[in-house]
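# Residue-level structural notes
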Amino acid sequence: MSVHRPGPSRRSRPARFSPAAVLLAALSALSLLLTLPTAAQADDVPPRGSARLGQGVIEHDGQGGLPTGGGATQTEGVDVSSHQGNVAWSTLWNSGVKWAYVKATEGTYYKNPYFAQQYNGSYNVGMIRGAYHFATPDTASGAAQANYFVDNGGGWSRDGRTLPGALDIEWNPYGAACFGKTQSGMVSWIRDFLNTYKARTGRDAVIYTATSWWKQCTGNYGGFGASNPLWIARYDTTPGELPAGWGFHTMWQYTSSGPTVGDHNKFNGAYDRVQALANG
């Protein structure tokens, strides 16, 4: 019986790559490395949905003293988001807080999971309350975000206890301060949001912003002051310079370090003026 004997093994030939293929692979790898965020970058950028009123105020405008009181009558308020979780509304009411704004939405991708407790809880202790939307003009149109806001808590009703919705338009915590918009592009985006909100609710939305951001990102546009109440952000003893178009502010966020809830505000008028804004 013949025995089959294996012949000498053949050595596998190394794969050959053309210089062009090697160069292409190297460029692809380099491109991938350049687009991946570094650990430091990942740590610096907060997760989507976490933005809140005044998040960039201290970083960009600094922080001074607290208002000294006196002068015109003002009415204390607070603003809250998911960062506060379930809020002790009775404690705030007993401390003299009479109105509140609650974050409802951000972009077209986020709804505050604590909205019901915060929005209804403030109402149930007697406060006049409203909802706000954190704008991300780089993710969707103004109209799309206004509709998302109204559909998810940002509407208005003539019950005497509901403030018109507020547009929170300020520094972008996720990237470039002006969301990649030109000044004219930002004005158009804001107008799109405001027009859509009014068409849906019959009310002119409040604009929350900081003067320095408004100058940088809208070119200090003055065309909204005649119709949209101004909620100014400045952590100092006075509201300071206002954006163009507004001769006075309606609300002023003056600190992020208040008692019970950090973000405290003053309404520029007595309680009956808060009621007047709610009634439209």
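Remember, it's a predicted structure, so these values are computed and weren't measured experimentally.

## Quick look at the confidence of the model for the protein chain
- Mean pLDDT over the protein chain works out to 87, with 84% of the residues at or above the 70 mark.
- Residue range residues 1-15 is modelled with pLDDT below 50. Its contacts to residues more than four positions away, or to other chains, number zero contacts.
- In the predicted structure, residues 29-42 sits below a pLDDT of 50 and forms one contact with residues beyond four places in sequence or in another chain.

## Quick word on the environment of Ser227
- For Ser227, the position within the fold is in the loop between α8 (211-218) and β7 (230-233).
- Residues Ser227 and Gly245, 18 residues apart in the sequence, show an inter-C-alpha distance of 9.9 Å.
- Reaching out from Ser227, the side chain makes a polar contact with the side chain of Asn228 at a distance of 2.9 Å.

## Overview of the pairing of strand β8 (residues 251-255)
- Counting buried residues along β8, five of its five residues qualify, which places the element largely inside the surrounding structure.
- With four bridges joining them, β8 and strand β9 (residues 264-267) adopt antiparallel strand pairing. Bridge assignment links Gln253 to a residue of β9, and that residue is Asn265.

## Considering the pairing of β7
- Burial of β7 is two-sided: the residues Leu230 and Ile232 facing one way and the residues Trp231 and Ala233 facing the other way are all buried.
- Pairing analysis gives three bridges linking strand β6 (residues 206-209) to β7, with the strands arranged parallel. Residue pairing across strands places Ile207 opposite Leu230, the latter belonging to β7.
- Where β7 lies against β8, three bridges are found, and the strand directions are parallel. Considered in β8, the bridge of Ala233 is made with Gln253.

## Quick notes on α8
- Turning to α8, its buried residues are Thr211, Trp213, Trp214, Cys217 and Thr218. Buried positions in α8, seen along its axis, are confined to an arc of 160 degrees and lie on one side of it.
- Packed against the buried residues of α8 are α7 (183-201), β6 and β7.

## Considerations on the packing of aromatic side chains
- Tallying each qualifying case throughout the model produces 14 aromatic pairs.
- Seen from their ring centres, Tyr208 and Trp231 are 5.3 Å apart, and the 85 degrees between their planes marks the pair as edge-to-face. Here Tyr208 is found in strand β6, whereas its partner Trp231 is found in strand β7, with 23 residues between them in sequence. Side by side, Tyr208 and Trp231 carry an identical accessibility label, which is buried.
- Across the ring face of Trp93, the terminal group of Lys98 is positioned such that the distance to the ring centre comes to 3.6 Å.

## Describing the packing of helix α6 (residues 142-154) against α7
- Contact geometry for α6 and α7: axes closest at 7 Å, N-to-C directions at 40 degrees. Between α6 and α7, the crossing angle belongs to the class labelled oblique. Between α6 and α7 the crossing geometry is right-handed. For the pair α6 and α7, contact is made by Gly142, Ala143, Gln145, Ala146, Asn147, Phe149, Val150, Asp151 and Gly154 and by Trp189, Asp192, Phe193, Thr196, Tyr197, Arg200 and Thr201, respectively.
- Looking at side-chain class alone, the contact of α6 with α7 contains seven nonpolar, six polar and three charged residues.

## A word on α6
- Given a rise of 1.5 Å per residue, 13 residues ought to cover 18 Å, yet the end C-alpha atoms of α6 are separated by just 14 Å, more than 12% below that figure.
- Within the sequence span of α6, burial applies to Gly142, Ala143, Gln145, Ala146, Tyr148, Phe149, Val150 and Gly154.
- For α6, the elements touching its buried residues are β2 (99-106), β3 (110-111), β4 (128-134), β5 (166-168) and α7.

## Here we look at the environment of Ser90
- Relative to the elements of secondary structure, Ser90 occurs in helix α4 (residues 89-94).
- Ser90 sits in the partly exposed class, given a relative accessible area of 44%.
- Once the C-alpha coordinates of Ser90 and Ser122 are considered, the two residues, 32 residues apart in sequence, prove to be 8.3 Å apart.

So, how was this worked out
- Residues numbered from 1 in each chain as written.
- Predicted model: local features only at pLDDT ≥ 70, side-chain atom pairs only at ≥ 80, totals over all residues.
- Heavy atoms only, no water.
- pLDDT = per-residue confidence, 0-100.
- Contact = heavy atoms within 4.5 Å.
- Helix = DSSP H or I, 4+ residues; strand = E, 2+ residues; numbered from the N terminus.
- Polar contact = N/O pair within 3.5 Å; in protein donor to acceptor, adjacent residues only side chain to side chain.
- Buried < 20%, exposed > 50% of the residue type's maximum accessible area, 1.4 Å probe, protein only.
- Pairing = 2+ DSSP bridges.
- Arc of directions from axis to C-beta.
- Phe/Tyr/Trp six-rings, centres within 6.5 Å; stacked < 30°, edge-to-face > 60°.
- Lys NZ or Arg CZ within 6 Å of the ring centre and 35° of its normal.
- Axes fitted to C-alpha atoms, helices over the stretch in contact; angles between N-to-C directions.
- Parallel < 35°, antiparallel > 145°, perpendicular 65-115°, else oblique.
- Left-handed = near helix turned anticlockwise from the far one by under 90°.
- Nonpolar A, V, L, I, M, F, W, Y, C, P; charged D, E, K, R; others polar.
- Expected span 1.5 Å × (residues − 1).

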